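Architecture at a glance
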Amino acid sequence: MKKIRRDQHLIICPDTKQFTDLVVCAASCDHKCEKYIISITYDILLEFIEKHPEYKIVGEIMTAEKTKPKELKKFWIVDEGKKVTEVTERQIMNNPQNYIGKEIWQKPPFKFEILITLKRIKAD
């Protein structure tokens, strides 16, 4: 009986609808889909670059979901020691004396996360 090797690094690309190896996806995909984010791990890429020194692991900053306007407005309070505390608008309005003389920044609506990808190292 023939043994069928099951490759755990294969996914069906949502874009091309074809089987794609995760390493190929990490090296060539321009937009990182949900499957990429779930499937790619640092260990998989580390194992690959140990065998292929012409690649290196790089980080890529991607936006996560945008906060919804219906959520409470949140602010960052920067005190004298440059320590940042996150508070809601209601907390500021109910206790304004706690925030007098401090820097107040509205929390940006975007959240970022780091994704890892592969990059080919150019030979000199």
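Reading the values: rules and limits
Here the residue index of a chain counts from 1 through its sequence in written order. Residues qualify for local features only when their pLDDT is at least 70, as the model is predicted, and side-chain atom pairs are given and counted only at 80 or more; totals for whole chains, interfaces and linings, by contrast, use all residues. Values shown for side chains rest on all heavy atoms present in the structure; no hydrogens or waters enter the calculation. A run of H or I in DSSP becomes a helix once it reaches four residues, and a run of E becomes a strand once it reaches two; helices and strands are each numbered from the N terminus. Burial here depends on accessible area, computed with a 1.4 Å probe over protein chains only, as a share of the maximum for the residue type. Under 20% is buried, over 50% is exposed, and the range in between is partly exposed. Contacts: residue pairs with any heavy atoms within 4.5 Å of one another. Residue burial considers only the protein chains on display, and all accessible areas are found by Shrake-Rupley using a 1.4 Å probe. Note on definitions: salt bridges are taken to be side-chain nitrogens of Lys or Arg within 4 Å of carboxyl oxygens of Asp or Glu. Here a strand pair is declared whenever DSSP counts at least two bridges between the two strands. The axes are straight lines fitted to the C-alpha atoms, using for helices just the contacting stretch, and the angles between their N-to-C directions are given from 0 to 180°.

**A look at the overall build of the protein**
A count of helices and strands for the protein gives 4 helices and 7 strands. Order of helices (α) and strands (β) in the protein, N terminus to C terminus: β-β-α-α-α-β-β-β-α-β-β. Counting every position in the protein, which comprises 124 residues, the buried fraction comes to 22%. Contacts in the protein between residues at least 24 apart in sequence constitute 56% of all its contacts with a sequence separation of at least 6. Split by element, the accessible area of the protein, about 10,300 Å² in all, is 55% carbon and sulfur.

**Let's talk about the pattern of salt bridges**
Tallying each qualifying case throughout the model produces 4 salt bridges. For Lys82, the salt bridge identified is with Glu103, shortest N-O distance 3.7 Å. In this pair, Lys82 is assigned in the loop between strand E4 (74-78) and strand E5 (84-88) and Glu103 in strand E6 (residues 103-106), connecting sequence segments 21 residues apart. Residue Glu103 is classed as partly exposed on the basis of its relative accessible area, which comes to 36%. Note that Lys107 and Glu86 form a salt bridge whose closest N and O atoms lie 3.4 Å from each other. Linking Lys107 in the loop between E6 and strand E7 (110-120) with Glu86 in strand E5, this pair joins segments that are 21 residues apart in sequence. Owing to a relative accessible area of 38%, Glu86 belongs among the partly exposed residues under this scheme.

**A closer look at the side chain of Thr88**
Looking at the secondary structure, you find Thr88 in strand E5. Sequence-distant contacts of Thr88, defined by excluding residues within four places in its chain, comprise Leu72, Lys73, Lys74 and Phe75.

**Points about the sheet that holds E5**
Ordered in space as E5-E4-E6, the 3 strands form an open sheet in which the pairing is antiparallel. Of all the strands in the sheet, just E5 and E6 have a single pairing partner and so form its edges. Sheet twist, expressed as the mean angle between neighbouring strand axes with direction ignored, is 30°. For E4 and E6, the ladder comprises 4 bridges, and the chain directions are antiparallel. Looking at the pairing, Phe75 lines up with Gln106 of E6.

All we've got here are geometric facts, nothing functional implied.
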